[in-house]
Amino acid sequence: MASKLVKNAVGRLVPTEINGKEQVPFKGIGKYIPKGKKAAQPIVSSSQFPSNGNKIVGSLKEALIQAGISDGMTISTHHHLRNGDLVANELFKVIHEIGVKDLVWFPSASFPCHEPIIEYLEDGTINRIEGSMNGPLGKFTSQGKMKGTAVLRSHGGRYQAIQDGEVHIDIAVIAAPTADPFGNANGLYGPSACGGLGYALADYRYADKVIIVTDNLVDFPAMPMQIEGNYVDSVVVVDKIGIPEKIVSGTTRITKSPDRLLIADLTAKFCDAAGLIKDGFSFQMGAGGTSLAFGNNLHKIMKERGIKARFAVGGVTKYLVQMLEEGTLDYILDAQSFDLDAVRSMRENENHKDISIFHCYDYHAKGNYTTMMDIMILGATEVDVNFNGNVVTHSDGYLQHGIGGWQNCLHAKNVILPIPLFRDRIPVIRDEVTTLCGPGELIDVIITERGIAINPRRTDLIEKTKNSGLPIKTIEELKDEAEKICGKPAKPEFTDDIVAAIKWVDGTVIDVVKKIKE
Amino acid sequence: MDKIGTAGNKGKSVRSDCFVTLEITESKGISIDIKSKVGKLFGDSISKLCEDELSYFGIENAKLTVEDTGALPFVLMARIEAAIKKVIQTDKQYVPKMLPENVYQTERDRFRRSRLYLPGNTPKLMLNAGIHKPDGIILDLEDSVAPDKKEEAKILVRNALCQINFYGAERMVRINQIPSGLDDLEYVVPYNVNLILIPKCENGDQVLLVDKKIMEIKAEKGIDYPIYLMPIIESAKGVINAYEIATSSKNVVAMAIGLEDYTADIGAPRSKEGKESFFARSQLVNSARAAGIQPIDSVFSDVSDMDALREVVIESKSLGFDGMGCIHPRQIKVIHEAFAPTEAEIEKAKKIVNAFIEANEKGLGVVSVGSKMIDPPVVKRAQRVIELAISTGKLSENWRDDNGE
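Conventions and cut-offs
- Residues numbered from 1 in each chain as written.
- Chains lettered and ligands numbered in written order.
- Predicted model: local features only at pLDDT ≥ 70, side-chain atom pairs only at ≥ 80, totals over all residues.
- UniProt positions renumbered as here; feature names shortened; annotations may be inferred.
- Helix = DSSP H or I, 4+ residues; strand = E, 2+ residues; numbered from the N terminus.
- Buried ≥ 20, exposed ≤ 12 C-beta atoms within 10 Å, placed from the backbone.
- Rg over C-alpha atoms; globule rule 2.2 N^0.38 Å.
- Contact = placed C-beta atoms within 7 Å.
- Domains from an automatic or database assignment.
- Expected span 1.5 Å × (residues − 1).
- Pairing = 2+ DSSP bridges.
- Bend = angle between axes of the 7 residues up to and from the residue.
- Core = buried A, V, L, I, M, F, W, Y, C linked by C-beta atoms within 7 Å.
- Axes fitted to C-alpha atoms, helices over the stretch in contact; angles between N-to-C directions.
- Parallel < 35°, antiparallel > 145°, perpendicular 65-115°, else oblique.
- Left-handed = near helix turned anticlockwise from the far one by under 90°.
- Nonpolar A, V, L, I, M, F, W, Y, C, P; charged D, E, K, R; others polar.
- Right-handed = clockwise from strand over helix to strand, strands pointing away.

An unreviewed UniProt entry annotates chain B as Citrate lyase acyl carrier protein originating from candidate division TA06 bacterium. In its Subcellular location (unreviewed entry) section, the UniProt record describing chain B reads: "Cytoplasm".

Set out below in structure tokens:
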């Protein structure tokens, strides 16, 4: 990596060039305002497509060849099938057979089920991943085994990169639980139903070529048209696109861990003390056990006091559906459905709407929903004494997770991180995060089982909760408490090789991940 | 002595623990092999700890393997010590330093509504026990520890008493049944234990044995803090001797009943309604009250059913018990809530306490509410109700000012 390193606005040294492309170092929140026109798809003519509306081709291989697959292309997939996805692995197996090389895989997220793709990274079929690297792929990347440099983006950042031309998708391969021969598709029906397909929106609107892969072909028109066939080049029918029980959990569950329940309880009490639970408020929480327990507490408070929330964005589980159906919540805006109740509710409930990343997270949209949200519940692998957060690496230096919507969500009004003070002997609050994914000025409150730290910038929250009886401490006090219990951990050792770049929501480089010394 | 000593736990569900294998060798010095989940961050410090401890016990040639799932230093120390004691004969102990915040004493009649049992050989359950705010935390050396793990559990419990902050909960240890439980006392008495639970207690002599042994250790170590006793009655004989047990020593501050063993002893299946134990529970309450100590109920074993637990606690309170055992932190809150006084009880207690304070201010010897005279035990009871109400958040600490009465 010969590229020059410069110090960005959060003090991290980042390269000015990655994978041969010039980079802008992070300049500060909302400071980078690129100009020009958004990217667009090539002009096509409907006269060149079958007049009977039947775009079915015999196989994925045929479809890829028809789409003109060649060396160096960028191929995208979405992650609505989560850890049950069978399409991405099959896709690269077929591409390997075709024999093209040096591709960029551009998934909206990857999962442990994608471990077989390591083989194609090793043999040069794939040059690099620009997306998320979970589990085995993260380890592979951290060991410096990927040919190109990985690029990690938030969900919103992925949309941004597509729109401003930073990433051009040559071929989008979209797994669709239901589709018709014209290419209209949705995720609501079929054996691999997953709810919405919002993560594929940018892909099919901006890719040169769009291939739909389905295991549930229906006659035209497939309704609802979450994906509109007018953007689609070809449709491939296969036996199976996913493993249902790994796509959505039959049921998501509240944590049983007493420690996490305590954290969830403190979180609800904090929101209450800070006056955030009031008529017409909005919130977003994940599907993790602690978040769900928080949601349960929130729901209890709302029912007791007759408070109604206006909207919730998700990551939707049965707990949000319960609120909607019991009348404590007006609208669910669903970017991703996590369990079967969520999928059912999206089919049945008028006020449960599928939305896309464009609506909630996109940097190049004319505003987005996240900045309007009152309560935002997020996680982190590490936080530092300046409230900076890390979600991609663990304290041992290995890349383990994608950014997901995390960076985008930081823009909400009150960002609250309920996290344990330490995990197995590893303190969560550090002097400095291993990888800086989100600047501290956007993270407002850290809630642990041993106390709550409020960002000193939020004098309003400090004032409102000072007589609440809640265990409010400084973040340094929490850090000291953890180190007293666990000991002070050593820092992992890295080489100088950059293995991954972490992008901010606007496309600038906020940090890098280096190769681990093993 | 064995040539190879092992201690600790390993396996899929094990966390915050380690498994140590120590082999004494003839020559070649010390070799240490650490396989740790947190090796990148703590590998060097674990190595150092191993070296220091082996050297403390004078071991010069050995092969030590540590399979670590994130054990805290006091756990590592305990496991290594336990392994060492399987391969060499030594009276030395490698005790971690006592946290200053763990040096506190308790009072005879403090609240003992909830006491949380922690298996004495499972570190992961110990670390966060205090944050759930039980009135007492029991490090258990008895039934929750397998027979072949008793020795290492003693060492772990000793280290836990030194190093885990229980945030003000009464620090309790349940020793093994007498007489073998007497040996456990060496490991806990010198380490600021507040209360010893004596299991399967059947007569006053057993209590006296424990009391005597504690006094000997205290004298030897120059300890002057009080160590209270809570005998647990778990047999028909124990129930018959309840009053004798309750009055056997001035250090007995509470007496508990263990229904699992008791029902087995009388040959009745343990039922949900608990008819079969009604006599024993009443006998225990009556004996404890007669002796001026706290009667404490058994545990409720279905940790997922909070509604059933609540019913049991309400019944327990109605029989006269002051507290119950917990086997899961989730039970603590339910138990505290159910033992909390009702609104009516609080109102009545406020009237009595107010009358008492006013009588004192006026220098009157007799307390009366309306036309009724109030006896001192009733005043004391009312004061207790007020304290309980305040501690469960049902009444403000400044309730007399708030009401302007």
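Now, onward.
1. Considering the overall build of chain B
Across its full length, chain B carries 15 helices and 14 strands. Counting only C-alpha atoms, chain B reaches 90 × 50 × 45 Å along its principal axes. Within the span of chain B, comprising 405 residues, buried residues form 45% of the whole.

2. Focus: the overall build of chain A
Tallying secondary structure elements over chain A gives 15 helices and 30 strands in all. The C-alpha atoms of chain A give a radius of gyration of 23 Å, which matches the 24 Å a tight globule of 518 residues would have. Each of the three principal axes of chain A carries a C-alpha extent, and together these read 70 × 55 × 40 Å. Here chain A, with 518 residues, has 57% of them falling under the buried criterion. For chain A, contacts bridging at least 24 residues in sequence account for 73% of all contacts bridging at least 6.

3. Let's talk about the domain arrangement of chain A
All names here are of chain A. By the assigned domains, chain A splits into domain 1 (49-247) and domain 2 (258-493). Relative placement of domain 1 and domain 2: their C-alpha centres are 30 Å apart. If you look at the interface, domain 1 gives 30 residues, while domain 2 gives 30 residues. Those elements that place two or more of their residues in the side of domain 1 that touches domain 2 are α4 (135-142), α5 (155-163) and α6 (201-206).

4. Describing unusual backbone geometry
Here the residue pair Phe220 of chain A and Pro221 of chain A is connected by a cis peptide bond, since its omega of 0° sits within 30 degrees of zero. By secondary structure assignment, the location of Pro221 of chain A is in the loop between β13 (209-214) and β14 (234-237). The omega torsion across Ile178 of chain B and Pro179 of chain B is 15°, close enough to zero to call that bond cis. Within the secondary structure layout, Pro179 of chain B lies in the loop between β7 (170-174) and α5 (181-188).

5. Side note on the interface of chain A and chain B
Contacts between chain A and chain B engage 18 residues on the former and 19 residues on the latter. At the level of elements, α8 (258-273) and α15 (475-486) of chain A are the ones that each hand at least two residues to the side of chain A that touches chain B. When residues of the side of chain A that touches chain B are assigned to their parent elements, the largest contribution, 4 residues, is made by α8 of chain A.

6. Regarding α8 of chain A
All names here are of chain A. Taking 1.5 Å per residue, 16 residues should reach 22 Å; α8 reaches 22 Å between its end C-alpha atoms and fits that length. α8 sits mainly inside the fold: 12 of its 16 residues count as buried. Within α8 the residues assigned to the buried category are Pro258, Asp259, Arg260, Leu261, Leu262, Ile263, Ala264, Leu266, Thr267, Ala268, Phe270 and Cys271. Once α8 ends, the next one or two residues include Gly275, with phi positive near 75°.

7. Some details on the domain arrangement of chain B
For chain B, the domain assignment lists domain 1 (4-87), domain 2 (100-339) and domain 3 (343-403). For domain 2 of chain B and domain 3 of chain B, the distance between their C-alpha centroids amounts to 31 Å.

8. With respect to the sheet that holds strand β20 (residues 382-384) of chain A
Residues and elements named next belong to chain A. Read across the sheet, 3 strands follow the order β21-β20-β25 without closing on themselves; strand pairing throughout is mixed. Each edge of the sheet is formed by a strand with only one pairing partner; in this case those strands are β21 (389-390) and β25 (429-430). When β20 meets β21, the two strands line up antiparallel, connected through 2 bridges. Of the residues in β21, the one forming a bridge with Val383 is Gly389.

9. What to know about helix α1 (residues 39-56) of chain B
Residues lying three or four places apart along an α-helix face the same way, a consequence of the helix completing one turn every 3.6 residues. Here α1 of chain B is 18 residues long and its end C-alpha atoms lie 23 Å apart, about the 26 Å a rise of 1.5 Å per residue gives. Taking the largest bend as the criterion, α1 of chain B deviates by roughly 25°, centred on Ser45 of chain B. Taken together, the buried positions of α1 of chain B are Lys40, Leu41, Phe42, Ile46, Cys50 and Leu54 of chain B. Of the surrounding secondary structure, the elements contacted by the buried residues of α1 of chain B are β24 (426-427) of chain A together with β3 (30-36), β4 (62-68) and α2 (73-87) of chain B.

10. Brief notes about the sheet that holds strand β10 (residues 171-176) of chain A
Backbone-to-backbone hydrogen bonds join strands into a sheet, with any given pair of strands oriented parallel or antiparallel. Residue and element names in this part refer to chain A. Here 10 strands make up an open sheet; going across it, the order is β5-β14-β13-β10-β6-β7-β8-β9-β29-β30 and the pairing mixed. In this open sheet, the two edge strands, each paired with only one partner strand, are β5 (56-57) and β30 (509-516). Examined bridge by bridge, strand β9 (residues 150-152) and strand β29 (residues 494-503) share 3 bridges and lie parallel to one another. Across the sheet, the residue bridging to Leu152 is Ile502, located in β29.

11. Re the nonpolar core
If you look at the biggest cluster of nonpolar residues, it comprises 264 residues, and the most contacted ones within it are Ile171, Ile174 and Val213 of chain A together with Met255 of chain B. Sorting elements by how many residues they give to this core places α2 of chain B first, with 9 residues. Among residues more than four places away in sequence, those in contact with Ile174 of chain A are His78, Ala200, Asp203, Tyr204, Val210, Ile211, Ile212, Val213 and Ile227 of chain A. Core analysis: the second largest hydrophobic core is formed by 11 residues, Ala349, Val367, Ala389 and Leu395 of chain B among them.

12. Structural notes on the UniProt feature "domain: HpcH/HpaI aldolase/citrate lyase" (unreviewed entry) in chain B
On the UniProt side, "domain: HpcH/HpaI aldolase/citrate lyase" (unreviewed entry) is annotated at positions that read residues 113-329 of chain B here. The span residues 113-329 of chain B shows a helical share of 41% and a strand share of 18%, and its end C-alpha atoms are spaced 13 Å apart.

13. Examining the packing of α8 of chain A against helix α9 (residues 289-305) of chain A
Residue and element names in this part refer to chain A. Two numbers describe how α8 lies on α9: the axes approach to 8 Å, and their chain directions differ by 45°. One finds that α8 runs oblique with respect to α9. Judged by the twist between their axes, the crossing of α8 over α9 is right-handed. Across the interface between the two elements, Arg260, Leu261, Ile263, Ala264, Asp265, Thr267, Ala268 and Asp272 of α8 pack against Gly289, Thr290, Ala293, Phe294, Asn297, Leu298 and Ile301 of α9. Looking at side-chain class alone, the contact of α8 with α9 contains 8 nonpolar, 4 polar and 3 charged residues.

14. Things to note about the packing of helix α10 (residues 318-325) of chain A against helix α11 (residues 340-348) of chain A
Residues and elements named next belong to chain A. Look at α10 against α11: their axes get within 8 Å of each other, and the N-to-C directions meet at 40°. Considering their axes alone, α10 and α11 lie oblique with respect to each other. Packed against α10, whose contacting residues are Lys318, Val321 and Leu324, the element α11 presents Asp341, Ala342 and Ser345 at the interface. Of the residues belonging to the contact of α10 with α11, the class tally is 3 nonpolar, 1 polar and 2 charged.

15. Topic: the environment of Val104 of chain A
Residues and elements named next belong to chain A. Relative to the helices and strands, Val104 is located in strand β7 (residues 103-107). Taking the number of C-beta atoms within 10 Å as the measure of exposure, Val104 has 22 and is therefore buried. Between the C-alpha atom of Val104 and that of Gly397, which follows or precedes it by 293 residues, the distance is 24 Å. Setting aside its immediate chain neighbours within four residues, Val104 contacts Thr74, Asn127, Arg128 and Glu130.

16. Comments concerning the pairing of strand β12 (residues 323-326) of chain B
Residues and elements named next belong to chain B. Where burial is concerned, the two faces of β12 agree: the one with Gly323 and Gly325 and the one with Met324 and Cys326 are both buried. Pairing of strand β5 (residues 114-119) with β12 involves 3 bridges; the strand directions are parallel. Residue pairing in the sheet places Leu116 in a bridge with Cys326 of β12. Looking at chain direction, strand β11 (residues 294-299) and β12 are connected through 2 bridges and run parallel. Paired with Ile296 across the two strands is Gly323, which belongs to β12. After leaving β11, the chain enters helix α11 (residues 306-319) and then returns to the sheet as β12, a path that is right-handed.

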